[in-house]
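As a plain string of letters, each chain reads:
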Amino acid sequence: MIRLRVVPAILAALLLVATGLTGAQAHTARQEFDPALVDALDKAVEDTMEEAGIPGAIVGIRIPGRGTYEKAFGVADKSTGTPMKTDLHMRIGSVTKTFTVTGLLQLVDQGRVGLDDPVGKYVEGVPAGNRITLRQLADMRSGLFNYSEDEEWQKSLLADPQQTFAPRQLLDYAFAHPPNFPPGSRWQYSNTNTVLLGLVIEKVTGQRLEDYLRQRVYSPLRLGQTSFPTDGAMPEPYAHGYTDYTKSGTTTATPSGGTVDATDWNPSWAWAAGAMISDLGDLNTWVPALADGRLLDPATQKERLTFLPTGIPEVRYGLGIMQVGNWIGHNGELPGYETLAVQLPSQRATLVILVNSDSDHRGQALSTLLGRAVTEVVTPRNTFDLPTAPQSERTSPPPSPTASPTP
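These figures come from a predicted structure and were not determined experimentally. (Residues numbered from 1 in each chain as written. Predicted model: local features only at pLDDT ≥ 70, side-chain atom pairs only at ≥ 80, totals over all residues. Heavy atoms only, no water.)

Undergrad: Just to check I follow, could you spell out the pairing of strand β14 (residues 349-355) for this structure?
TA: Taken residue by residue, a regular strand's side chains alternate between the two faces of the sheet. Among the seven residues that make up β14, seven are buried, leaving the element largely enclosed by the rest of the structure. Residues Ala349, Leu351, Ile353 and Val355 point to one face of β14 and Thr350, Val352 and Leu354 to the other, with burial holding for every one of them. As judged from the six bridges shared by strand β2 (residues 56-63) and β14, these two strands associate in the antiparallel manner. Bridging across to β14, Ala57 finds its partner in Val355. Across seven bridges, strand β13 (residues 337-344) lies against β14 in antiparallel orientation. Within β14, the position partnered with Glu338 by the bridge is Val355. In this structure, the hairpin formed by β13 and β14 is closed by a connection of four residues, where Arg348 is found at a positive phi of approximately 50°. (Buried < 20%, exposed > 50% of the residue type's maximum accessible area, 1.4 Å probe, protein only. Helix = DSSP H or I, 4+ residues; strand = E, 2+ residues; numbered from the N terminus. Pairing = 2+ DSSP bridges.)

Undergrad: Honestly, unusual backbone geometry in this entry has me stumped. Any pointers?
TA: Across the junction of Glu236 and Pro237, the peptide omega takes the value -10°, indicating a cis bond. With respect to the helices and strands, the residue Pro237 is situated in the loop between α7 (209-221) and β6 (242-243). Of note in this structure, Trp271 is not a glycine but carries a positive phi near 35°. Along the chain, Trp271 turns up in helix α8 (residues 271-274). For Trp271, a relative accessible area of 9% corresponds to the buried category. At Arg348, a position not held by glycine, the phi torsion is positive, near 50°. Residue position: Arg348 is located in the loop between β13 and β14. Under the relative-accessibility criterion, Arg348 is labelled exposed at 54%.

Undergrad: When you look at the environment of Ala289 in this model, what are you seeing that I'm missing?
TA: Residue placement: Ala289 occurs in helix α9 (residues 280-292). A residue is classified by how much of its surface remains accessible, and Ala289, at 5% relative accessible area, is buried. Placed 68 residues apart in sequence, Ala289 and Leu221 show a C-alpha to C-alpha distance of 8.3 Å. Every residue in contact with Ala289, bar those within four places of it in the chain, is listed here: Leu221 and Arg294. (Contact = heavy atoms within 4.5 Å.)

Undergrad: Help me understand α9 in this model?
TA: Within an α-helix, residues lying three or four positions from one another point in the same direction, as the helix has 3.6 residues per turn. The end-to-end C-alpha distance of α9, which contains 13 residues, comes to 19 Å, matching closely the 18 Å that a straight helix rising 1.5 Å per residue would cover. Within α9, the full set of buried residues consists of Leu280, Asp282, Leu283, Asn284, Trp286, Val287, Pro288, Ala289, Leu290 and Ala291. Where α9 ends, the next residue or the one after it, Gly293, has phi of about 70°, a positive value. (Expected span 1.5 Å × (residues − 1).)

In structure tokens:
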């Protein structure tokens with residue numbers, strides 16, 4: 001969903017929280033736009049949060065030559081009323097895919113892998129692994145079943161959200177199902193694809209994925225607040241994340257049957273597809289670097305930005321990156337958190353939205369609602385509006401054209 005929303009539909013329901021958003025609760029970090037525009041942005045964000053019952057959000061937009069707007073709204077901890085601040089860490093779900101695929105493309109630049117290599121060259125046991133290419137994994141055209149739509153996996157996660165899943169366990173859930181279609185014949189969002197790319201990186205480099213990404217991706221850009229956790233811990237300071245993670249057609253998935261604090265839920269089940277943590281400052285650096293290919297050779301970046309149709313209006317997908325209208329980047333979602341991290345290349349505008357809830361409002365992702373509200377004010381000719389599509393997971397999300405799909 002891109003929400004990377006094409007992950008299992010096991011969290012859905014509305015978060016009905018009294019946020020009581022007032023001017024005193026909007027904590028300003030920077031606001032350099034015209035005061036009238038700032039007022040309009042404040043109102044758009046606050047009205048959207050009140051309508052959708054969003055507990056807290058961080059909104060940042062930077063447009064060279066026009067200004068910067070960075071604010072935090074609402075609360076970071078509902079139990080204490082601690083206000084949201086712009087420097088808090090949050091889980092970024094499927095935005096992780098942009099980092100993982102960047103790591104893979106660096107190996108392409110080094111001549112260590114080829115985009116059209118079969119995944120079976122690096123990972124054993126993949127159905128049709130001799131025909132599915134690394135390119136098809138990166139652009140979501142492999143046909144492999146999305147493990148996060150598997151009912152047994154869903155039951156296991158919900159039985160113990162703090163448990164650790166190994167990447168191979170996730171693949172076992174996926175490979176218990178036949179492929180959904182022949183490789184390359186269509187597009188369908190699947191976390192299985194990016195988990196496989198993470199294993200390719202580990203196989204080729206001999207490093208753990210988290211170590212490789214830190215050395216090759218975070219460090220060159222000085223992303224000091226970005227991390228790839230190996231457990232459920234969150235680095236200080238952080239915002240608590242709230243979910244009512246439910247699965248369509250089943251009873252409640254949260255222990256209490258309502259909204260719960262999912263801050264310490266172990267994101268290992270999302271691994272290379274959605275486990276990462278970051279903050280506004282680092283994402284403000286990452287999004288422009290992702291869009292301009294700062295860590296890649298120009299020819300490889302051109303391959304990355306070859307956007308193909310997904311079957312969803314206004315949505316196209318490249319190599320670990322989406323295009324919605326004229327915006328490029330990714331969104332992410334997993335229990336308790338949603339993220340939107342995109343750029344409008346024509347204006348070099350960077351938009352980052354972090355939300356500490358993943359409870360949809362009227363079938364729409366909260367990050368999409370806020371993204372639309374903000375862009376209607378600041379870039380009215382280029383609004384961000386990710387169409388609603390059937391979803392199936394929730395760890396990272398892009399849109400899916402299939403009936404049963406959802407970072």
